[in-house]
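Here is how the chains run, residue by residue.
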Amino acid sequence: MSCLFNSYDPYFKQPFGAVRAGQTVHLSLCIPEELGYVDPHLVLQKEGKYDVPVHYRMKFDGQTPKQNHFSVDVTLNDVGLYFYYFDLYTDFRRIVRGPDNCGVVSWQEGEKWQITVYDAGFQTPECIKGKVFYQIFPDRFYEGVPNKPLPFADRIYRPDKTGEPYFWPNEQSDGYLNMDYYGGDFAGIQQKLPYLEELGITCIYLNPIFEAHANHRYNTANYLKADPLLGTNEDFAALCAEAKKHGIRIILDGVFSHTGSDSLYFNREGRYGPGGAYRDRNSPYRSWYDFDSGYVGGYRSWWGFETLPEVEEEDPSYGNFVCGKGGVIDTWLGLGASGFRLDVADELPDDFIEKIRAAVKAHGEDKLLIGEVWEDATTKEAFDHRRTYLRGHGLDATMNYPFRNAAVAFARGEDASAVGEQIMSICENYPKPALDCAMNFLSTHDTERGITAIAGEPANGRDRYWQSKRMIPGDRIDDALRRVLLAYAMLYTLPGVPCVYYGDEIGMVGADDPDDRRAFEWGKGNKELVTWYATLAQIRNSYAALRTGTVEPFETGCDNIMSYVRGDDTDRMIVLSNNSSDEQEITIDTENLGVSASELTDLISGSRYTVSDGKVTVTVPALKGVILTNDVKTISVNTDDLAPAYDPGYIVEVRKDIVADDEKKDDTSKTEDEKKDDTSKAEDVKKDDTSKAEDAKKDDTSKAEDVKKDDTSKAEDVKKDDTSKAED
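The structure displayed is predicted, hence computed values, not measured ones.

A. Region of the structure containing the overall build of the protein chain. Along the protein chain, the regular secondary structure elements total 18 helices and 33 strands. Here the analysis covers contacts within the protein chain between residues at least 6 apart in sequence; of these, 73% occur between residues at least 24 apart. Put simply, the protein chain shows about 28100 Å² of open surface, and 47% of that area lies on carbon and sulfur atoms.

B. View of the pairing of strand β20 (residues 368–371). Here β20 shows two buried faces, one formed by Leu368 and Ile370 and the other by Leu369 and Gly371. Two strands pair when backbone bridges link them, and strand β19 (residues 339–342) and β20 are joined in this way by four bridges, in the parallel orientation. Each residue of the ladder has a partner; that of Leu342, found in β20, is Gly371. One crossover worth recording links β19 to the parallel β20 by way of helix α6 (residues 350–361), and it is right-handed.

C. Local environment of the side chain of Asp436. Relative to the assigned elements, Asp436 resides in the loop between α9 (432–435) and β24 (439–441). A residue is classified by how much of its surface remains accessible, and Asp436, at 3% relative accessible area, is buried. For Asp436, the residues in contact, after removing those within four places along its chain, are Lys129, Gly130, Gly496, Val497, Arg547 and Thr548.

D. Spotlight on the nonpolar core. In this structure, Tyr134 and Phe256 are the most contacted members of the largest nonpolar core, which totals 119 residues. It is helix α12 (residues 477–493) that contributes the most residues to this core, 10 residues altogether. Excluding residues within four positions of it along the chain, Phe256 makes contact with Tyr223, Val311, Glu313, Tyr318, Val322, Val328, Ile329, Phe340, Leu342, Leu348, Phe352 and Ile356. Counting residues in each nonpolar core, the second largest holds 27 residues, with Phe12, Ile31, Phe70 and Val117 among its members.

E. Spotlight on the sheet that holds strand β28 (residues 572–578). Sheet architecture is open: six strands sit in the order β26-β27-β28-β33-β30-β31, paired in antiparallel fashion. Single-partner strands in this sheet number two, and they are β26 (550–553) and β31 (608–610). Each adjacent strand pair in this sheet contributes to an overall mean axis angle of 25 degrees, direction not counted. Summarising the sheet, strand β30 (residues 599–602) and strand β33 (residues 625–629) pair through two bridges and their orientation is antiparallel. Counted as the bridge partner of Thr601 is Thr629 from β33.

F. Inspection of α6 at higher detail. For α6, spanning 12 residues, the distance from its first C-alpha to its last is 16 Å, which sits close to the expected 16 Å at 1.5 Å a residue. Residues of α6 that are buried include every one of Asp350, Phe352, Ile353, Ile356, Arg357, Ala359, Val360 and Lys361, and no others.

Scoring rules and cut-offs
Residues numbered from 1 in each chain as written. Predicted model: local features only at pLDDT ≥ 70, side-chain atom pairs only at ≥ 80, totals over all residues. Heavy atoms only, no water. Helix = DSSP H or I, 4+ residues; strand = E, 2+ residues; numbered from the N terminus. Contact = heavy atoms within 4.5 Å. Areas by Shrake-Rupley, 256 points an atom, 1.4 Å probe, with all protein chains shown as cover. Buried < 20%, exposed > 50% of the residue type's maximum accessible area, 1.4 Å probe, protein only. Pairing = 2+ DSSP bridges. Right-handed = clockwise from strand over helix to strand, strands pointing away. Core = buried A, V, L, I, M, F, W, Y, C linked by side-chain atoms within 4.5 Å. Axes fitted to C-alpha atoms, helices over the stretch in contact; angles between N-to-C directions. Expected span 1.5 Å × (residues − 1).

Dropping the structure here:
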């Protein structure tokens, strides 16, 4: 039986995907004569407490051989999620969504199709759409100002930039998880701007930069001050100004669901004097937090971590501090930042996100607001209700974890059709303004690096000691790198904004954190590898169809080939990716795809293919892709500017171990009950850096740094209801 309905196909549904409020949707059915008499109705229901299914009778459009055609037009005026199927009104039959998105006849309820209707005025920054991002974990990128003193005595300096980040639990007195610093700073980023520009980067996403007492800085101590190890607020402004000269914007990480207990606002540890909500009931910050004897520690904390007291986002004082004049958003955008990424966005109230959006957009519609969401953001449920932040009045876009999962799966060899369905589901459900700005990545500070996820042995909950010993075998490195490049080639040719995690472009490996947060290995990369990333960026930046065009999947008959057309008013480009270890010969009906050309050129290899009788036969190399177009533009990469990544002359030498001036003094800001005397650290850990370990025992701030010790489990937990927060 031929396809009855497929929402990805423009014959069956126009326009494709989500629609603006007030827009009309045209839906068609193709019913084989063998099904007999039918009187099809569209059954459409808006999601809502008082909304009920509405039946729309479809009109008969005529016949083709053995096929009857029906259609209906529906105008959707209200913002929200709509779900639909078709009732044939005979023999209790209906058409529901099948596993490949094609309609199937059923006598039972089945999966429905979705239409997202978003605010008619929803706009996202044009300067961001389809560009190329680069994520930097600030402490691990590059130390631009060497030999600077550490600002706090409880920090451990790492002069050897090749050393593995300390990972043993800091519940033990000898544990230094998140207490070790490699010295990365604003000056270091600024010095590498020419490199990033040649890599094709147009926007940098920085993990938190505010003062905090952990190397990840997700436990904010002072929202209005840059961490002194990175530099000053003025240094940040200078970085933004210099980045602008290179055509690069900078996005900051906003952590607004909690602060650190060791902070100016909470001050449990006493580092900031006698004030703070924990120590002073009359503190101006007291209303930010939920104190109750029923909580462990006497206050509500983020996922039970006492070092991360949760804030009351809807408290007027806190809201004004973050969103008001002279507040957090205003201050950093005023210094030159171009937007914010919201940490754990699905744990922030929708109203609070909308206030943040207003504060961000007050600095210009070109400023970006993106959120951390691990699932399909249109259907995300959290705290017993559907989240609305991607309907035009909250976030501009989200981090695209579904694309990441799909790219990793394809690179590992999964069937192309299954992976394509994951990708197209997001493309269909997301508003186009959001999809064009969605952050598409393979690695982050919260995941295994892409190469490890694709080619390494899965951690499957194993501890950090096991993970630290895992390496990709030497005889698999070449295959692993080719698969990573294949995955990135997908991300560079799909809708959204590809984002390279620092070090991925030189093949850095890394299991779960902190292993995925190693220092950048300058001068140790492969020239061909880093040039490939720059070439992909050049190709993307040269073709509007790849940045913001439509995406139209098509079948090739090969399970190993991912295939789609990217198109706009001026160009239609064919993208093929092969996850097989063997080359594949594919014949494409170009006429059927709307590609008019007598010859097509692969932008990656330069190979030319003749189109004959509306068809072209293409050889797709093993573990590679092709990008076909008839509009060939010059792609040129200056490898000299990429030299810091691969030239051994840029290898960072071991530097003198620098510690704070007052290292020999007791850190009186730490309470005695935080200085535990646990000597149970494993013997193999003691040999790593004995002298630093003895100094650090004096000033154990370990609790405050354990915020992200198992981000993979966090990702799984976030998907569940947090019963301890249900009252929020």
